[in-house]
Structures are given as structure tokens and as C-alpha cells.
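Survey of secondary and tertiary structure
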Amino acid sequence: MAATLCMKLLPKQGWLPLTQSVRHGSKAVTRHRKPMHFIKQKLMAVTEYIPPPRPVPPGAYPSQKKRVEEKSPLFLIKKRDVQKVFQDCKMIAVAQNSACNAEDMMLLRHRLYKHGITVRFFPNEVVRSFLNNGIYSNMAPLFIGPTVLIVSAEPKVKEMLKILRASPQITLLGACIENTLLSANGVQSYSKLPSMITAQGELVSGLTMMTSHTAAMLQRHPTHLSALLQQYIKQESTDAGTEEAPKAEEAT
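One structure accompanies this document, and this report is about it. Every value quoted in this text rests on a predicted model; they were computed, and no experiment measured them. (Residues numbered from 1 in each chain as written. Predicted model: local features only at pLDDT ≥ 70, side-chain atom pairs only at ≥ 80, totals over all residues. Heavy atoms only, no water.)

1. Quick word on the sheet that holds strand β3 (residues 147-152)
Strand order in the open sheet formed by five strands is β2-β3-β1-β4-β5, with antiparallel pairing between adjacent strands. Both edges of this open sheet fall to β2 (117-120) and β5 (181-183), since each of them pairs with a single strand only. The average angle at which neighbouring strand axes cross in this sheet is 25°, direction not considered. As defined by bridge partners, β2 adjoins β3 across four bridges and the pair is classed as antiparallel. Residue pairing for β3: arginine 120 is matched across the bridge by leucine 149. (Pairing = 2+ DSSP bridges. Helix = DSSP H or I, 4+ residues; strand = E, 2+ residues; numbered from the N terminus. Axes fitted to C-alpha atoms, helices over the stretch in contact; angles between N-to-C directions.)

Here it is, written out as C-alpha cells:
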């Protein structure tokens, strides 16, 4: 019986009481890290250890020397052709080719050829290679995308603009006329100028008019003086005649 009472009073193995007291600690942080003084921060930044750069093993990176690429013979031939065009032609216009088909291009070339104007095709790389080292370097920005050269030995701007108006696929970007770089608006203004023969005629007529006016001005003073002297002589002769008439009447 005693064993039975002991078994009832003693807790069983693994038995937990119905209520347990759990102790919770304080959540407040009582130890804060003290901020470093700004002078010490500066000192630490100045005295910070900077490790030296690691040496680069030879052959890890490609060589910094510029590689000179040899141009192909075809490239040199085309560059020579571009140089000849700029030397022989006084009008070199740059136009953008906006998907112009072969038939329209052939018709355009035929219309321009009637006025002594030709269309030349050169790769932009070749043209820029020639322009970058010469006096025409300002034309290099015009050669972007599909472009064509419209050239002629004499500046025939009016005929070129008249034909290009009928071809909307070809847009004029600029031109070099008689060693003068012009924009598209500048080419329009140049086309409104009179021809060389007309300008020479106007110049000669202006100079002739100025010389004739100068000669008239130089002859005006002697002529005017002689006219005044003749008028004075006439007046003197008439006055002398009137004075002699009354004297004759008195004598009679």
C-alpha cells in the first residue's frame, strides 16, 4: 500500500506541471557603440593602408601598339578615283539614296547625263579615308548611310535641282561648288545667282556708266564756265549798243 501511495504522489517520468514560470530578460539595449570622433575618422582615412597594385604578368593583355592594316589594292584604286573626281570637277554634290530602285536610278542618270552631270558610287569608307587627310575634311559628316555623288566639270546647279525634284528618293545633303562647302539651302541660294556671262555684262555696264558719269562731271565745270563767259559777253555787247543809241540821238 505504501508503494501505491508513493507511485501516486511522485510525478511520472516526462510529466510537466500545468503552469510554468518563464523568466524574460530586459529587451532594452544598454550598451551602444560610441561613434568615432570626426578627427579620428579623418586620421583613419588618411592612414588607411593601400596595398600596391599587383604586377600584371607579361602577355596577360594584348599589346597597346596600333596595328596598321594594309589596304587592299581595290581600296587604293577607288581612293585614287575619288581624288581624281575632286580634282577635275567643280561641282560635287552629296545625296542620300532612300531605296531608289534600279529603273529610277537609270532614268535619273540618263536625265543628268544630258546636261553633262554624272552620278558616281563610292563606299563611304573610301571617301572618308580621302577626306580626313585633305582640305575637304568638313564634308566627311555627309557620308553616312547610302550616299551617291553627283558631279560635273562645271557648276550646273539649276539643272541638277530641277532633275532632283522629280526624284523624291534622292535627297540632297550638301555640295562643294568651286571649293566652297554649301548646305542644301546654300545650294538653293546659289542656283538663284545670275550666270557668269550675265554678271560680267552687268559689271561692264556698271563700269561704263561710272566712267561716263565721271567724264561728264569733269567736263561740266569748263562747259559751265564757257557758257557764263559767253552770256557775259552778250550782255556787255547789248549794254554798249543801248548806250550808243541815245548818244547818236542827242547829236542829231
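2. Some thoughts on the pattern of salt bridges
A full pass over the atoms with the stated rule returns one salt bridge. With a closest N to O distance of 3.9 Å, lysine 90 and glutamate 154 form a salt bridge. Here the residue lysine 90 occupies a position in the loop between α3 (73-88) and β1 (91-97), and glutamate 154 occupies one in the loop between β3 and α6 (157-164), the gap between them amounting to 64 residues. For lysine 90, a relative accessible area of 39% corresponds to the partly exposed category. (Salt bridge = Lys/Arg side-chain N within 4 Å of Asp/Glu carboxyl O. Buried < 20%, exposed > 50% of the residue type's maximum accessible area, 1.4 Å probe, protein only.)

3. Here we look at the environment of arginine 128
Mapped onto the elements, arginine 128 comes out in helix α5 (residues 124-131). In this structure arginine 128 comes out as partly exposed when scored by relative accessible area, which is 32%. Considering only alpha carbons, one finds arginine 128 and leucine 142, 14 residues apart in sequence, at a separation of 9.6 Å. The contacts of arginine 128, once residues within four sequence positions are left out, are Ala140 and Phe143. A polar contact of 2.4 Å, which involves the side chain of arginine 128, links it to the backbone oxygen of phenylalanine 143. (Contact = heavy atoms within 4.5 Å. Polar contact = N/O pair within 3.5 Å; in protein donor to acceptor, adjacent residues only side chain to side chain.)

4. Details of the packing of helix α4 (residues 102-113) against α6
Following both chains from N to C, one finds α4 and α6 inclined at 155°, their axes separated by 10 Å at the closest point. Taken together, α4 and α6 sit at an angle that is classed as roughly antiparallel. Relative to α6, α4 is oriented so that their crossing is right-handed. Across from Leu108, Arg111 and Leu112 in α4, the residues of α6 making contact are Met160, Ile163 and Leu164. In terms of residue class, the contact of α4 with α6 is made up of five nonpolar, no polar and one charged. (Parallel < 35°, antiparallel > 145°, perpendicular 65-115°, else oblique. Left-handed = near helix turned anticlockwise from the far one by under 90°. Nonpolar A, V, L, I, M, F, W, Y, C, P; charged D, E, K, R; others polar.)

5. Here we look at the packing of α3 against α5
Geometrically, a packed helix pair is captured by the angle between its two axes and the distance between the axes. Between α3 and α5, the shortest axis-to-axis distance is 9 Å and the interhelical angle comes to 60°. In this view, α3 runs oblique relative to α5, as classed from their interaxial angle. For α3 against α5, the interelement crossing comes out right-handed. Contact residues: Phe75, Lys78, Lys79, Val82, Gln83 and Phe86 in α3; Glu125, Val126, Val127, Ser129, Phe130 and Leu131 in α5. Here the residues of the contact of α3 with α5 are counted per class, giving seven nonpolar, two polar and three charged.

6. A look at the side chain of threonine 147
Assignment of secondary structure puts threonine 147 in strand β3. For threonine 147, a relative accessible area of 10% translates into the label buried. Apart from the residues lying within four places of it in its own chain, the contact partners of threonine 147 are Val94, Ala95, Gln96, Asn97, Asn124, Leu142 and Leu173.

7. Description of the pairing of strand β4 (residues 170-177)
Counted residue by residue, β4 has six buried out of eight residues, so it is predominantly covered. Where β1 meets β4, seven bridges bridge the pair, whose relative direction is antiparallel. Within β4, the residue paired with alanine 93 across the bridge is alanine 175. Pairing analysis gives three bridges linking β4 to β5, with the strands arranged antiparallel.

8. With respect to the nonpolar core
Ranked by size, the top nonpolar core spans 22 residues in total, and within it Ile150, Met160 and Val187 carry the most contacts. When residues of this core are traced back to their parent elements, those giving at least two are β1, α4, β2, β3, α6 and β4. Per-element tally for this core: the top contributor is α6, with five residues. Discounting residues that sit within four places of it in the chain, valine 187 has contacts with Val157, Met160, Leu161, Leu172, Ala175 and Leu182. Val82, Tyr136, Ala140 and Cys176 belong to the second largest nonpolar core, which has 19 residues in total. (Core = buried A, V, L, I, M, F, W, Y, C linked by side-chain atoms within 4.5 Å.)

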